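Listed here are the chains, written in short residue letters.
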Amino acid sequence: MIRDIFAMALDAMRSYRIRTLLTLIGVIMGVASVIMVTTAGNSVSGFISEQWNIFNPTGMVIGTGTGGAVPQLSVRSAVFTTNDVEKIQQLSAVKTVAPIGVVPLNKILKRDGLLKWESQPGEAMYASTPSLLEILNLQLAEGTMFEEGKNEVIISQNVAETFGEDKRLQVGDTIFLRRVDGVTLEAKIVGILEQSSTMSMFNTLSTPGIICPTKPYYSTYFGSNVGTIFKRVIAYTVLLAEAKDTNQVQDAQEQILRYLDSGGSDANQYKDQNTDFVVITQQYILVRVDQVMSVIRTYITAIALISLLIGGVGIANIMYATVTERTREIGTMMAIGAKRRDILLLFLFQSTVIGLFGGFIGCVFGASGSWFVVDLLNTNIQNLGGAFSTGTIQLTYALEWFIIAFIIGILIGIAAGLWPARKAASMDPVVALRYE
Amino acid sequence: MPEYVIDIDSLTKIYKTGKTELKALDNVTLKIRKKDFIAIMGPSGSGKSTLMNIIGCLDRPTSGTVIIDGENISSVNDNQLAVIRGRKIGFIFQKFNLIPTMNSVKNIALPMVFLGDTKANREQRATDLLDKVGLANWATHRPAELSGGQQQRIAIARALSNNPSIILADEPTGNLDSKTGEQIMQLLGSLNKEGKTILLVTHAVALKRYANRVVTMLDGKLSEER
């Protein structure tokens, strides 16, 4: 008998085709948008963590700033000495450490006979050691590494094109670097870096424009000196380090902090009283990125769920109108022997079937829609260019959300139908039969 | 076998709307034998519809006893009342009240669905009844595709589907022309001869002649005319 009532419900839905279709569309769109949003979110966060992983997962930045649960790095003062770099290099969990001294440039100049080109201001140059490349996972596309003490630099692909693609800088070219203190220094380009596809803790740190040896570029720069008038020492703003393996990242972090906070470190002597030493690991950044991503995803999913809810309101609305419209039919059915339960089921089945079918079709639409969304995102990424352009977002379905959206679709169908169905079932047959 | 198929004793029905009370039925006693063809006459508001609703188990009495084919309806719940309606009463309405989304066979078989009859039985019986009312060729048509007279025949077939002892016809010719109305009344007459108790509720005086017994309602009170 329940099967017969179910068949009657299907019959009624077939008879009110457009009405059924419209309610279905409401649920389909709700379910599909939940799936599309969650799948797109999954795919994008997969893409981002993959991009971050290209950068050394054992890497970390050492600097000064505010410590605590959410450490903040500020790159204002140079406090780390060569002595500190050597001591940190000797720590058991540390594989490599490289200093970074920031040399702000006003402009880059190039002369060719009487012709002269000048770059836009604002390029930063990093004074470091050759091990920087290993830590940053950078490779030279051509040329060699600079030698300490010589007027040699290596540059990025971007800097190579700073005067335009047609006037590309080549290995062997000589350029002039004007520092913010007005000093202009000659430099021979000995190497050009490969285009980097990494995203890392600091875009500028991980994709430096110009890398130079400490001498002569940094040692003569006013911002590099600490200490007293009697004893001037060169100091660096940040250090980049690498743990021996991914399991030792935390050990390395602890060892470095313990060394820096001890009385034996030079940095402890030169840093501002109010600042702390901060070591931010790539792993920590990954966790933070993941947290941010999940907050964003939760937010968008909540919005998508609202659209599912609106689909439910659509069902309730149309079912309510249907029940009112079919009042006399309901009265008739009661007169010829229908129990209240039969009437309840008749209408509840309709909304449940809409939820079920809407959920199913919504899953199919959501799956194909996700494909389009990810495709669209990939096209946009290619158009963006830069560091991103080498990666593609892999379509990663959020399978659990297929199930969740499907079940919520059905539940919403039932919930939305319950109220109108109860109204139908609780009608007084005498009144219902009189209804015009 | 009880003597009366419908046994109503001192039936009173009071409707309350807010603070005002309306006595729709006032101490009505009516005993109807099997095979009676009884016409219940009376103007609008006389209480004849209320009487019909109570006999049809759509409503319950305020006081008094109503026994329908051996079942006292004052003391049963909604579900039991629905079952009594389904088994013992066949309804025929002025506006036919067919389900517009169902074809003739499905409409006729609907009361059997609610009693839980099997599909094979239902379709067999519905086809037989369709034949009986002379519409064998209209099995798959929907109500909108049928004339008023045809619709009412389908409705009569539907009223017969659970083989009830009582047929309740509420102005069955009200929406039909006189010739078609006549045919419908003759069909009801032949059902009466086959042993069905027919209750005809009408205010059309012309229909009196089909009944063997006529009662008149006025202001909630019943009087026997013949």
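Note that the structure is a prediction, hence the values are computed from the model and not measured.

Colleague: Can you break down the overall build of chain B residue by residue, with the values?
Modeller: If you tally the helices and strands in chain B, you get 6 helices and 10 strands. Scaling as 2.2 N^0.38, a compact globule of 226 residues should have a C-alpha radius of gyration of about 17 Å, and chain B matches this with 17 Å. The principal-axis extent of the C-alpha atoms belonging to chain B is close to 50 × 40 × 40 Å. Across chain B, contacts joining residues at least 24 apart in sequence account for 68% of those joining residues at least 6 apart.

Colleague: Which residues make up the overall build of chain A, and what values go with them?
Modeller: The secondary structure content of chain A amounts to 14 helices and 15 strands. Taken against the 2.2 N^0.38 rule, which gives 22 Å for 436 residues, the C-alpha radius of gyration of chain A at 34 Å runs more than 25% over that of a compact globule. With the principal axes as the frame, chain A shows a C-alpha extent of 110 × 55 × 30 Å. Put simply, of all contacts in chain A between residues at least 6 apart along the chain, 83% involve residues at least 24 apart.

Colleague: Summarise the interface of chain A and chain B; cite the residues concerned and give the values.
Modeller: Counting residues at the interface gives 18 residues for chain A and 22 residues for chain B. Secondary-structure elements contributing two or more residues to the side of chain A that touches chain B are α1 (2–15), α11 (327–335), α12 (340–384) and α14 (429–434) of chain A. Looking at which element gives the most residues to the side of chain A that touches chain B, the answer is α11 of chain A, with 5 residues. Class assignment for the residues of the side of chain A that touches chain B results in 8 nonpolar, 3 polar and 7 charged.

Colleague: Outline the confidence of the model for chain B, supporting the account with residue identities and numerical values.
Modeller: Confidence in the prediction of chain B, expressed as mean pLDDT, is 92, and 99% of residues score 70 or more. Overall fold confidence (pTM) sits at 0.72, and the ipTM for the predicted complex is 0.93.

Colleague: Now, about unusual backbone geometry: what can you tell me, with residues and values included?
Modeller: Residue Lys215 of chain A is joined to Pro216 of chain A through a cis peptide bond whose omega torsion reads 5°. With respect to the secondary-structure elements, Pro216 of chain A resides in helix α7 (residues 214–217). Backbone geometry places Asp69 of chain B, a non-glycine residue, at a positive phi of 50°. Note that Asp69 of chain B resides in the loop between β4 (63–68) and β5 (71–72).

Colleague: Please provide a residue-by-residue account of the environment of Thr180 of chain B, values included.
Modeller: Residues and elements named next belong to chain B. Looking at where Thr180 falls in the secondary structure, it is placed in helix α6 (residues 178–193). Overall, the presence of 17 C-beta atoms within 10 Å leaves Thr180 in the partly exposed class. Taking the C-alpha atoms as reference points, Thr180 and Lys132, separated by 48 residues in sequence, lie 17 Å from one another.

Colleague: Which residues make up the pairing of strand β9 (residues 174–179) of chain A, and what are the values?
Modeller: On a regular strand, each side chain points to the face opposite its neighbour's, so the side chains alternate between the two faces of the sheet. Residue and element names in this part refer to chain A. Across the two faces of β9 the burial differs, with Ile175, Leu177 and Arg179 buried and Thr174, Phe176 and Arg178 not buried at all. Two strands pair when backbone bridges link them, and strand β4 (residues 94–112) and β9 are joined in this way by 4 bridges, in the antiparallel orientation. Bridge assignment links Lys107 to a residue of β9, and that residue is Arg178. Bridging between β9 and strand β10 (residues 184–193) involves 5 bridges; their strand directions are antiparallel. Opposite Phe176, over in β10, you have Glu186 as the bridge partner. The turn linking β9 back onto β10 is made up of 4 residues, and Gly182 within it adopts a positive phi angle of 90°.

What counts, and at which threshold
Residues numbered from 1 in each chain as written. Chains lettered and ligands numbered in written order. Predicted model: local features only at pLDDT ≥ 70, side-chain atom pairs only at ≥ 80, totals over all residues. Helix = DSSP H or I, 4+ residues; strand = E, 2+ residues; numbered from the N terminus. Rg over C-alpha atoms; globule rule 2.2 N^0.38 Å. Contact = placed C-beta atoms within 7 Å. Nonpolar A, V, L, I, M, F, W, Y, C, P; charged D, E, K, R; others polar. pLDDT = per-residue confidence, 0-100. Buried ≥ 20, exposed ≤ 12 C-beta atoms within 10 Å, placed from the backbone. Pairing = 2+ DSSP bridges.

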